[in-house]
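Listed below are the residues making up each chain.
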Amino acid sequence: MTILYRYLTREILASFLIVLAAVLSIYIAIDFIEKIDNFMEAGVPATRCFVYLLYKLPFIFVQIAPVGFLLSILIAFGLMNKNNEIIALKSCGVGKGRLLKPTMVLGVFFCALLFVMAEMLVPVFMVNANQIWLKEVRKMNIYASRTNDIWMRAARQIIHIKQYVPEEKRVAGITIHTFDDNFRLIERVDAESGVFENGRWQLDDAVNQFFEADAGVDRIEMNATMPADIDLNPDDLAQASRRSDEMGLAELGRYIQKVEREGYAATRYRVDYHSKIAAPFVCIFLSALGAGIALRGKMREGMPVSITYGLGIAFLYWIFNSFCLSLGYAELMPPLIAAWVANLVFFSLAAFLLLNAN
């Protein structure tokens, strides 16, 4: 490793650690302020809020590390531009290829690191974080199994939902057991599907069975559609269902196959599956994009302009990527394309900037 290689690597990593510490602190502080009221209202000690945030740290790191890496590259090269170090290196015959190499190597390293963390650490820690939020804070009597069957206990009711589609607020395969004060079954409703409309659940193709004490089934009613008197919030139900961030790639792939074998759509999970693969690669193209901007010689003002450039690029990428993923969730774009198109567009921009760099 040459002196220049070590120098650039050290400067970028030093900037990354500073940026990471600053962004993590801001993120955690905002999340703490936003969540602490919920913990206090639920009577949960503030220490549990800190534990909750600690469980979320791997997820937060995976989300903000690419932005921090881009900012660190722009800051390091921006300060070198300000101190005329880039000009001095170019005058000594050092080309942009040698300046780009350390950033690309670091980009590949961070890509591998984020992939490992997202696959091995994030699912485990997010399960614990979600358990604290749902059970201790929201006091939800909901259990989501590994097969995504959702069980809920309400006042004198036990509800089982086989599949929930959050974007449509629709359930498929719902059974509602209603009991009397002595916990004897008095009614059972089985419905093919249900949708949340106008603040109430409407069930389709429902079979309603009424029971008499010690007499079995009293009567049966068939309903093409019927309202359901259940206290079931769609937002809480979406959090209780099996989440993509709680599964690794292999488990998510098996889950998608299971859902589709049962005849349900798994579009959202397919988009999330491809997004999990595409997300770590953002570090590679951001390393090229940051170097391309810095080597154009337009950033001699140092850190303030570097941070502005970095935040602007990160914001544009986040908006564009979120828009593409939304198109994928709505089945207006194939899941594979929805997950990768933002990376390809910004990588093309990075290649253009590098080719036109001085």
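Worth saying up front: this structure is predicted, and the values here are computed from it rather than measured.

Calculation criteria
- Residues numbered from 1 in each chain as written.
- Predicted model: local features only at pLDDT ≥ 70, side-chain atom pairs only at ≥ 80, totals over all residues.
- Heavy atoms only, no water.
- Phe/Tyr/Trp six-rings, centres within 6.5 Å; stacked < 30°, edge-to-face > 60°.
- Helix = DSSP H or I, 4+ residues; strand = E, 2+ residues; numbered from the N terminus.
- pLDDT = per-residue confidence, 0-100.
- Expected span 1.5 Å × (residues − 1).
- Bend = angle between axes of the 7 residues up to and from the residue.
- Buried < 20%, exposed > 50% of the residue type's maximum accessible area, 1.4 Å probe, protein only.

A. Representation of the packing of aromatic side chains in the model. For the coordinates displayed, the defined rule picks out 14 aromatic pairs. Where Phe69 meets Phe110, the ring centres are 4.9 Å apart and the plane angle is 45°; that geometry is what we call tilted. Remark: Phe110 occurs in helix α4 (residues 96–137) and Phe69 occurs in helix α2 (residues 46–82); sequence separation between them is 41 residues. Considering the side-chain rings of Tyr317 and Phe346, the 5.4 Å spacing of their centres and the 85° angle between planes classify their relative orientation as edge-to-face. With Tyr317 in helix α9 (residues 303–329) and Phe346 in helix α10 (residues 335–355), the pair connects residues that are 29 residues apart, well separated along the chain. What links up through ring pairs into an aromatic cluster is the set Phe16, Phe69, Phe109 and Phe110.

B. Structural context of the confidence of the model for the protein chain. Counting all residues, the mean pLDDT for the protein chain is 80, and 86% of those residues have values of 70 or more. The element-level mean pLDDT for the protein chain is lowest in strand β1 (residues 142–144), coming to 51, with helix α7 (residues 267–278) highest at 87.

C. A look at α10. Under the 1.5 Å per step criterion, the end-to-end length of α10 is 31 Å for 21 residues, consistent within 8% with the ideal 30 Å. If you look at α10, its biggest bend is around 40°, right at Val341. Within the sequence span of α10, burial applies to Ala338, Ala339, Ala342, Asn343, Phe346, Ala350, Leu353 and Leu354.

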